Amino acid sequence: MTAFKSEFLQILQSRGFIHQISDPEGLDAQLVKESTSCYIGFDATAPSLHAGGLVQIMMLYWFQKTGHRPVVLMGGGTTMVGDPTGKDESRQMLTAEAIEDNKASIKQVFSKFLEFGDTPDKAVMADNADWLLSLNYIEFLRDVGRYLSVNQMLARDSVKLRLEREQHLSFLEFNYMCLQAYDFTELAKRYDCRLQMGGSDQWGNILSGVDLGRRMGTPQLFALTTPLLTTASGAKMGKTVDGAVWLSEDMLSPYDYWQYWRNCEDRDVGRFMRLYTDMPLDEIDRYVSLEGSELNEAKKVLATKATAMLHGAAAAEQAAETARRTFEEGALDDTLPTITVSEQELQSGIGLLSLMVQAGLAASNGEARRHVKGGAVRINDEQVGDERLSVNPSHLTGEGVLKLSMGKKKHFIVKPE
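The structure displayed is predicted, hence computed values, not measured ones.

(A) Seen up close, the overall build of the protein chain. A tally of helices and strands in the protein chain yields 19 helices and 15 strands. What you see for the protein chain is a C-alpha radius of gyration of 24 Å, in line with the 22 Å of a compact globule of 417 residues. With the C-alpha coordinates aligned to their principal axes, the bounding extent of the protein chain is approximately 75 × 50 × 40 Å. Expressed as a percentage of the 417 residues in the protein chain, the buried residues total 49%. Considering only contacts in the protein chain between residues 6 or more positions apart, those separated by 24 or more positions represent 73%. Roughly 19,700 Å² of accessible area belongs to the protein chain as shown, and the carbon and sulfur atoms make up 48% of that amount. Here the protein chain contributes 44 positive and 57 negative side-chain charges, whose respective centroids are spaced 4 Å apart.

(B) Structural view of the packing of aromatic side chains. Enumeration according to the criterion identifies ten aromatic pairs in this entry. When the ring of Tyr39 is compared with that of Phe184, the centres are 5.5 Å apart and the planes differ by 70 degrees; the resulting orientation is edge-to-face. Of this pair, Tyr39 sits in strand 2 (residues 37-43) while Phe184 sits in helix 10 (residues 176-191), placing them 145 residues apart in sequence. Accessibility assignment for this pair places Tyr39 and Phe184 in one class, buried. These aromatic residues form a ring-pair network of at least three members: Tyr257, Tyr260, Trp261, Phe272 and Tyr276.

(C) Expanded view of the pairing of strand 6 (residues 222-226). The buried fraction of strand 6 is high, at five of five residues. Every second residue of strand 6 is oriented toward a common face, with Phe222, Leu224 and Thr226 on one face and Ala223 and Thr225 on the other, all of them buried. When strand 5 (residues 193-199) meets strand 6, the two strands line up parallel, connected through five bridges. Bridging from a neighbouring strand, Gly198 pairs with Thr225 of strand 6. Following the backbone out of strand 5, through helix 11 (residues 203-216) and into the adjacent parallel strand 6, one traces a crossover that is right-handed.

(D) A look at unusual backbone geometry. Despite not being glycine, Asp192 has its phi angle at roughly 55 degrees, a positive value. In this structure, Asp192 sits in the loop between helix 10 and strand 5. For Asp192, a relative accessible area of 40% translates into the label partly exposed.

(E) Spatial organisation of a nonpolar patch on the surface. A grouping of Tyr137, Ile138, Leu141 and Phe171 is seen on the molecular surface, where their side chains present a nonpolar patch of about 440 Å² in accessible area. Per-element accounting of the nonpolar patch gives the leading share, three residues, to helix 6 (residues 137-143). Along the chain, Phe171 falls in helix 9 (residues 171-174). Take Phe171: its relative accessible area is 56%, and that puts it in the exposed class.

(F) Up close: the environment of Leu336. By the element assignment, Leu336 lies in the loop between helix 16 (313-329) and strand 9 (338-341). Since its relative accessible area comes to 2%, Leu336 is described here as buried. Between the C-alpha atom of Leu336 and that of Thr307, which follows or precedes it by 29 residues, the distance is 15 Å.

(G) Main features of the environment of Ala362. When you line up the elements, Ala362 lands in the loop between helix 18 (352-359) and helix 19 (365-373). Through-space distance from the C-alpha of Ala362 to that of Met406 is 9.6 Å; in sequence the pair is 44 residues apart.

(H) Representation of helix 2 (residues 24-33) within the structure. Residues of helix 2 that are buried: Gly26, Leu27, Asp28, Gln30 and Leu31. Those residues of helix 2 that are buried are in contact with helix 1 (7-15), strand 1 (20-21), helix 3 (54-65), strand 5 and strand 6.

(I) Seen up close, the sheet that holds strand 2. Taking strand neighbours across the sheet as the criterion, the six strands line up as 1-6-5-2-3-4 in an open arrangement whose pairing is mixed. Edge positions in the sheet fall to strand 1 and strand 4 (124-127), since each of these pairs with one other strand and no more. In the sheet, strand 3 (residues 69-75) pairs with strand 4 via four bridges, with the strands oriented parallel. Residue Val72 lies in a different strand from strand 4, and its bridge partner there is Met125. Helix-sheet contacts for helix 10 involve strand 2, strand 3, strand 4, strand 5 and strand 6, and the interaxial angle to strand 5 is about 145 degrees.

(J) Structural context of the side chain of Asp268. Following the sequence through the fold, Asp268 ends up in the loop between helix 12 (254-262) and helix 13 (269-276). Its relative accessible area of 1% is what places Asp268 among the buried residues. Setting aside its immediate chain neighbours within four residues, Asp268 contacts Thr231 and Ala232.

(K) Here's a closer look at the side chain of Arg378. Considering the arrangement of structural elements, one finds Arg378 in strand 11 (residues 377-379). Judged by its relative accessible area of 19%, Arg378 falls in the buried class. Excluding its chain neighbours within four sequence positions, the residues that come into contact with Arg378 are Gln383, Val384, Lys403, Leu404, Ser405, Gly407 and His411.

(L) Up close: the pattern of salt bridges. For the structure shown, the criterion picks out 14 salt bridges. Between Asp268 and Arg271 there is a salt bridge, with the nearest N and O atoms lying 2.9 Å from each other. One salt bridge in this structure joins Glu387 and Arg369, with 2.9 Å as the shortest N-O distance. You can see Glu387 sitting in the loop between strand 12 (382-383) and strand 13 (390-391) and its partner Arg369 sitting in helix 19, a full 18 residues away along the chain.

(M) Representation of the packing of helix 10 against helix 11 in the model. Two numbers describe how helix 10 lies on helix 11: the axes approach to 8 Å, and their chain directions differ by 55 degrees. In terms of orientation, helix 10 lies oblique with respect to helix 11. Read as a crossing pair, helix 10 and helix 11 show a hand that is right-handed. Every residue of helix 11 that contacts helix 10 at Tyr176, Met177, Gln180, Ala181, Tyr182, Phe184 and Thr185 is listed here: Asn205, Ile206, Ser208, Gly209, Val210, Leu212, Gly213 and Met216. Its residues placed into classes, the contact of helix 10 with helix 11 shows nine nonpolar, six polar and no charged.

The rules behind these values
Residues numbered from 1 in each chain as written. Predicted model: local features only at pLDDT ≥ 70, side-chain atom pairs only at ≥ 80, totals over all residues. Heavy atoms only, no water. Helix = DSSP H or I, 4+ residues; strand = E, 2+ residues; numbered from the N terminus. Rg over C-alpha atoms; globule rule 2.2 N^0.38 Å. Buried < 20%, exposed > 50% of the residue type's maximum accessible area, 1.4 Å probe, protein only. Contact = heavy atoms within 4.5 Å. Areas by Shrake-Rupley, 256 points an atom, 1.4 Å probe, with all protein chains shown as cover. Lys, Arg positive; Asp, Glu negative; His and termini not counted. Charge placed at Lys NZ, Arg CZ, Asp CG, Glu CD. Phe/Tyr/Trp six-rings, centres within 6.5 Å; stacked < 30°, edge-to-face > 60°. Pairing = 2+ DSSP bridges. Right-handed = clockwise from strand over helix to strand, strands pointing away. Patch = residues over 30% accessible without salt bridge, like charges linked within 9 Å, V, L, I, M, F, W, Y side chains within 5 Å. Salt bridge = Lys/Arg side-chain N within 4 Å of Asp/Glu carboxyl O. Axes fitted to C-alpha atoms, helices over the stretch in contact; angles between N-to-C directions. Parallel < 35°, antiparallel > 145°, perpendicular 65-115°, else oblique. Left-handed = near helix turned anticlockwise from the far one by under 90°. Nonpolar A, V, L, I, M, F, W, Y, C, P; charged D, E, K, R; others polar.

The quantities given are spatial measurements derived from coordinates; they are silent on function.
Here it is as structure tokens:
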């Protein structure tokens, strides 16, 4: 283990963020010498980032906490091309309007973790559309393309794996790493960015930028990547059987976000605390040593801390209290996820299976039927065994709603309107 002198690298190493660094000693010396700018790029391929990208945001969080300036780069230009990394097929092309909508939605998340402003200690938000969309193609080939090695590009995993599998790689996608490399040199000029960070799958792309900067005369640039993060059982971070764990409150409620962390595997508690919260390491060590039911309490702490970082302390405490009342008291709570149905639809009777699909408890009627037959479905905490049940006004509680549950951890309020 390297004995780093800079606080930032000490924190990243002790909390498990570091996979590769292009020049560990050089980067360490740079961070000790002066306040440094670093960036991570985020393409706007969806209206929200999900928990799989949260580790990158946490690195920017620690970068600012240790006295440096994080630069969040929105990929308004590169999203139009599509990163081929780890893909066997081309990404679906988005319209310019869809990209703008996605960018506006994504930007809101970063203000929860970073302080933005005009002073040197504040974070910056940039957009590569500002320089990529105005590039003159011939000038780009002459001024930048002559420094980019096709040999190196073909050797990068993002390209090599696609070619080895004989999967189509368009010239458009092949240019992605050229644009990402150029971003690094542009940000070095605009914001004196000396470091680019990203996931391990971005290592080749980031190194292309380091190499291009050297050839184009920038100060020395550095690369740092995180390991490929999965759960203890090997599942991809930020993904569940129900879909992505979105960071936007419009796409996933604070309660459901809290539940994602609460339901983590036992072996992940300590690792997730180190990566996704700012809890002191000695406190984390105490929780990791717990076993049995006490470990469940540690999971609640993880869930509340992680939710507080994204949604605020009040929303996190409310989610924790909602879970407590739901699981320990069987209470109805108006902060549970809610779906609405029309009065007319309810009067006519809604099939239980259709209602489960509508609530997202099952992807199809067939899947919903299996859950009912397995005894996992309850209405108002009473088990339902009839897959042909028609839900109607007689199922409403005194509060005029009903509670639809599957298993011990998934609950919805169904509200007529």
